[in-house]
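Each chain, written out:
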Amino acid sequence: MIYLRFWLIFILCFFKSAQAVPMPPLPYSDYHNSNLPIERRVQDLLSQMTLEEKLGQLELGFSTLDSLDPAPFTKAIAEGQITGFIAPPHTDDPAFRNALQKMAMEQSRLGIPLLFGIDTIHGFRTIFPISLGLSCAWEPLLYRRTQSVAARETRAAGIDWVFAPMSDLARDPRWGRVSETCGEDPYLTSLCVAEAVRGFQGIDPGADGQVAACLKHFVGYGASVGGRDYNRTEIPDFMLRNQFLPPFKAGVDAGACTVMSSFNANDGIPATANHHTLTDILRGEWGFKGLVVCDWDAILETIEWGYAADPSQAAQVSLSAGTDMEMISTTYRDTIPTQIQKGLISPALVDEAARRVLTLKFKMGLFEHPYADASAYKTAFLHPEDRALARESAVKSCVLLKNNGILPLSKKLKSLALVGPFGDNQSEMLGAWIGHGHAEDVVTLAQGIRTKLPNVDLQVIPGCGVMLNGGSTHTLTDGSIVQDSTVRDDLAAYDAKKIKDAAKQAAKADAIIMALGEPAGWSGENASRATLGVTGRQEQLFHALADTGKPLVVILFSGRPLSVPEMDDESAALLMAWQPGVEAGNALADLLFGDASPSGRLTMSVPRDTGQLPVYYNYDNTGRPDKGFYRDDETAPLYQFGYGLTYSTFSYGPVKILPATGKNPAIATALITNTGKCRADEVVQLYIRSRYSPEGARPSQELRGFQHLVLNPGQKQEVHFPLTDQVLGLFDRKGNWRVDGGDYYIWIAPSAHTGEPVSYEHAVPVLLRP
Ligand code: BGC
């Protein structure tokens, strides 16, 4: 509230000062003429800009709550020293943007509009499931639909640019940011990224309701060593090209306007200063013409990395590597003028970077429409059809890992116990990046069940907190706050009693659902974990309930795959719900009571133990594929990539290859049958393995296609996957697509590493194309 008041005063003062010092209208120049091509307008504008103004276009600021003094910004805006802002987290009212924009348009010498960006990751106000969850729908078009709603809401709040889609691969669930990814596979991630870009940008990112997208984090961030955020990566070029780069390439091909360089240093070179990836590959090989922004402070951090000696050198290596815009830190603005004077940096580099920023601003229509419609935003959020999409996507993102037949639950139940700290918890459903989401928008699981079964006797029993009590005060499970010193010794006993009581109460109900997981704040940025279990005393709570002998339906809420082998053993059903968003409760109630059949499939392997990490399905075959296993545990994950149950069952007939004819490629085919008792979705997956490639050893399996079937009981359908060059090939070390002739294994299967492959001999010897 205090902040709102502050900004109100600031905006009023600003309007006053804007009125007090009117600038004469700008004389006409070609860049004002919207009928001219963008290149010409940019060139005209650039030719009138001072070096300082050009550098100003490279500086993105943040209207942080911590530095409430507007003075540095107002001066910077009026002097053309700032290109735009990361939008403030405390208001979605575009009046704030409009106030700053008015200053840029009317007070700065050339009237260059500001650009506003924000992290709209899985929704702006209508919060959808986290990206990892959404990817489990194996329905890239659904991802696109959610991002298109997110785009509309974001633009309504006066924000032009989103720092999404995250295009990193998730290979280690200790890394908190796996929640923002689409999982571990480059093929599926590429499809999702491309659709997300289309959802955000539409056919014209400048049009009403669309925003500019930003592919991040370029590149390799998802392989941070030990799952520790911001860390070094060791990704050799061959792996980079075939695993980590393809999603970015797909995003570039889909027309993404911008790319964000990442925090990691690969092979010792911070991504923001990596000429090879930013210029040779992104611009040179892929022809990317858009803007590259660095991640928060990342240019300055090249010093902390021990790569650049000081801010001057940090600016020099980053600009020449291909980073156009600096986020937060100000090394470009501060050091480049002197460096140009000394001949250390070519002014052409600054021109080129400024050209890219201005091109984006023209493309976004900001010169013609600098202001957002301040009257429309209040009715722009949480439309009923958007909530319906949130419900549909939450249903589709859940993955049923285990079911002994207890699910779906009968709607005739008289009593039901909902046990665990996530059962009636609004804020935990939203996830780590919640945009402008509000906890009170969330339908909790308890509310969802009550709506579906208004007559059931529902006992909601938290049993324990999401986290262990800690710090100098403790919030006890009954909500009372006590001082640390007074209860420290009693806490364990206090919690144990609560847990015992919870088990006793729950045992009386006809059925028990447990809502367990990890806190939402333990995923996302700077939220790595060393262990992957449920947090606080939830494990104890689970065991106490399991000891009652009643069958337990366990729902897990988390931003990463959790490693819970005991829960898997002892529960009757295990449902992975991720962080499902505003419609969490309605979606889960649909699934629990059979109004929807689970259809999600894992996009990230679920480890059995953290000692297995990193664990992913597309590992190398090695020279000894039948050896090298752990002595003390299984080597395979608890649940493989691609896995997920429905309320039905499916059988797969043998894979057959229909030979190539003329120009038509060979086709892999199999007959899929719904052998169960209800209509359900099957995600039929195509995996390949190339038995040998002179370019380098390829993974033991690679996903190269999938098809969604919806079959009635007894219904059969034949699937067909053409074995095209695109399906069989790989990137060579120079970035060309290459297809080797010779032997392949082909699987059509319900998940990775299941089913029997067939051999296929591909006739093409070697094909190289640019
Ligand atoms: C994150 C980015 C994000 C940026 C702006 C950084 O800390 O790594 O993903 O886009 O902040 O909020």
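Owing to the predicted nature of the structure, the values given are computational and were not obtained by experimental measurement. (Residues numbered from 1 in each chain as written. Predicted model: local features only at pLDDT ≥ 70, side-chain atom pairs only at ≥ 80, totals over all residues. Heavy atoms only, no water.)

A. Geometry of the pairing of strand 23 (residues 702-711). Counting buried positions over the 10 residues of strand 23 gives 7, a clear majority of the element. Note that strand 22 (residues 680-690) and strand 23 share 9 bridges and pair antiparallel. In the sheet register, Ala680 faces strand 23, and the bridge partner there is Leu711. (Buried < 20%, exposed > 50% of the residue type's maximum accessible area, 1.4 Å probe, protein only. Helix = DSSP H or I, 4+ residues; strand = E, 2+ residues; numbered from the N terminus. Pairing = 2+ DSSP bridges.)

B. Main features of the sheet that holds strand 1 (residues 59-62). Reading across from one edge, 4-3-2-1-10 is the order of the 5 strands in this open sheet, with parallel pairing throughout. Either end of the sheet is taken by a strand with one partner, and the two such strands are strand 4 (161-162) and strand 10 (326-327). Judged from the 2 bridges that link them, strand 3 (residues 115-118) and strand 4 form a sheet pairing that is parallel. Within strand 4, the residue paired with Gly117 across the bridge is Trp161.

C. Representation of the site of the ligand in the model. Around the ligand, the neighbouring residues are Asp119, Phe163, Arg177, Lys216, His217, Met260, Phe263, Asp295, Trp296, Met327 and Glu525. Taking Asp119, its side chain carries an N or O atom lying 2.4 Å from an oxygen atom of the ligand. The separation between an oxygen atom of the ligand and a polar side-chain atom of Asp295 is 2.6 Å. For the ligand, whose unbound accessible area comes to 310 Å², protein coverage reaches 94%. Among the residues forming the shell around the ligand, the class breakdown is 5 nonpolar, 1 polar and 5 charged. (Near = heavy atom within 4 Å. Polar contact = N/O pair within 3.5 Å; in protein donor to acceptor, adjacent residues only side chain to side chain. Areas by Shrake-Rupley, 256 points an atom, 1.4 Å probe, with all protein chains shown as cover. Nonpolar A, V, L, I, M, F, W, Y, C, P; charged D, E, K, R; others polar.)

D. Inspection of the nonpolar core at higher detail. Leu445 and Ile513 are the most contacted members of the largest nonpolar core, which totals 94 residues. Broken down by element, the residue count for this core peaks at 7 residues, all from helix 8 (residues 186-201). When sequence neighbours within four positions are dropped, the list of residues in contact with Ile513 reads Leu409, Leu416, Ala417, Leu418, Val419, Leu445, Ile449, Val553, Ile555 and Leu592. Formed by 89 residues, the second largest nonpolar core is a distinct cluster that contains Leu46, Leu115, Ile130 and Ala314. (Core = buried A, V, L, I, M, F, W, Y, C linked by side-chain atoms within 4.5 Å. Contact = heavy atoms within 4.5 Å.)

E. View of helix 15 (residues 347-363). The end-to-end C-alpha distance of helix 15, which contains 17 residues, comes to 24 Å, matching closely the 24 Å that a straight helix rising 1.5 Å per residue would cover. Those residues of helix 15 not exposed but buried are Val350, Ala353, Ala354, Arg356, Val357, Leu358, Leu360, Lys361 and Phe362. A side-chain oxygen of the first residue of helix 15 lies 3.0 Å from the backbone nitrogen of Ala348; this N-cap is Ser346. Of the residues flanking the end of helix 15, it is Gly365, one or two places downstream, whose phi is positive at about 75°. (Expected span 1.5 Å × (residues − 1).)

F. Broad picture of unusual backbone geometry. Looking along the chain, the bond that leaves Ala164 and enters Pro165 is cis, with omega of 10°. Inspection of the secondary structure puts Pro165 in the loop between strand 4 and helix 8. The omega torsion across Phe218 and Val219 is 0°, close enough to zero to call that bond cis. Relative to the assigned elements, Val219 resides in the loop between strand 5 (214-218) and helix 9 (237-244). The phi torsion at Trp138 lies on the positive side, around 50°, for a residue other than glycine. For Trp138, the position within the fold is in the loop between helix 6 (131-135) and helix 7 (140-156). Not every positive phi belongs to a glycine, and Ile328 is a case in point at roughly 75°.

G. Region of the structure containing helix 5 (residues 95-107). The end-to-end C-alpha distance of helix 5, which contains 13 residues, comes to 17 Å, matching closely the 18 Å that a straight helix rising 1.5 Å per residue would cover. Counting buried residues along helix 5, 10 of its 13 residues qualify, which places the element largely inside the surrounding structure. All of the buried residues along helix 5 are Phe96, Arg97, Asn98, Ala99, Leu100, Gln101, Met103, Ala104, Met105 and Gln107.

H. Highlighting the pattern of salt bridges. The tally for this structure, following the rule as stated, stands at 44 salt bridges. The closest approach of N and O atoms between Arg152 and Asp386, which form a salt bridge, is 3.1 Å. With a gap of 234 residues between them, Arg152 in helix 7 and Asp386 in helix 16 (residues 384-397) connect regions that are remote in the sequence. We classify Arg152 as partly exposed; its relative accessible area is 28%. (Salt bridge = Lys/Arg side-chain N within 4 Å of Asp/Glu carboxyl O.)

I. Structural context of the sheet that holds strand 9 (residues 291-294). The parallel open sheet is built from 3 strands, whose spatial order is 5-6-9. The open sheet is flanked by strand 5 and strand 9, the only strands paired with a single partner. Within this sheet the neighbouring strands show an average axis-to-axis angle of 25°, counted without direction. Across 4 bridges, strand 5 lies against strand 6 (residues 258-261) in parallel orientation. Bridged to Phe218 within strand 6 is Ser261. (Axes fitted to C-alpha atoms, helices over the stretch in contact; angles between N-to-C directions.)

J. The arrangement of the packing of helix 7 against helix 8 in detail. It is the contact of helix 7 with helix 8, at a shortest axis distance of 7 Å, that shows an interaxial angle of 30°. Taken as axis vectors, helix 7 and helix 8 run roughly parallel relative to one another. Where helix 7 crosses over helix 8, the handedness of that crossing is right-handed. Note on element contacts: helix 8 touches helix 7 through Leu191, Cys192, Glu195, Ala196, Arg198, Gly199 and Phe200, opposite Pro140, Leu141, Tyr143, Arg144, Gln147, Ser148, Ala150 and Ala151. A class-by-class count of the residues in the contact of helix 7 with helix 8 yields 9 nonpolar, 3 polar and 3 charged. (Parallel < 35°, antiparallel > 145°, perpendicular 65-115°, else oblique. Left-handed = near helix turned anticlockwise from the far one by under 90°.)

K. Structural context of the environment of Gly729. Locating Gly729 in the fold gives a position in the loop between helix 22 (725-728) and strand 25 (730-731). Classification of Gly729 by relative accessible area gives buried; the value is 0%. For Gly729 and Gln715, which are 14 residues apart along the polypeptide, the C-alpha to C-alpha distance reads 34 Å. Ignoring anything within four residues of it in the chain, the contact list for Gly729 reads Arg698, Arg704, Trp737, Arg738 and Val739.

L. Layout of the packing of aromatic side chains. Per the counting criterion, the structure on display carries 22 aromatic pairs. Look at Tyr31 and Phe367: their rings are 6.2 Å apart centre to centre, the planes differ by 75°, and that puts the pair in the edge-to-face class. Note that Tyr31 is positioned in the loop between helix 1 (2-20) and helix 2 (38-48) and Phe367 in the loop between helix 15 and helix 16, a separation of 336 residues in sequence. In this pair, the class of Tyr31 matches that of Phe367, namely buried. Judged by centre distance (4.8 Å) and plane angle (20°), the ring pair of Tyr639 and Tyr643 falls under stacked. Look at Tyr643 and you get partly exposed, because its relative accessible area is 21%. Through pairs of rings, three or more aromatic residues link up here, namely Trp138, Tyr187, Tyr617, Phe641, Tyr687 and Phe706. Its guanidinium or amino end placed over the ring of Phe238, Arg733 lies 4.4 Å from that ring's centre, counting from NZ or CZ. (Phe/Tyr/Trp six-rings, centres within 6.5 Å; stacked < 30°, edge-to-face > 60°. Lys NZ or Arg CZ within 6 Å of the ring centre and 35° of its normal.)

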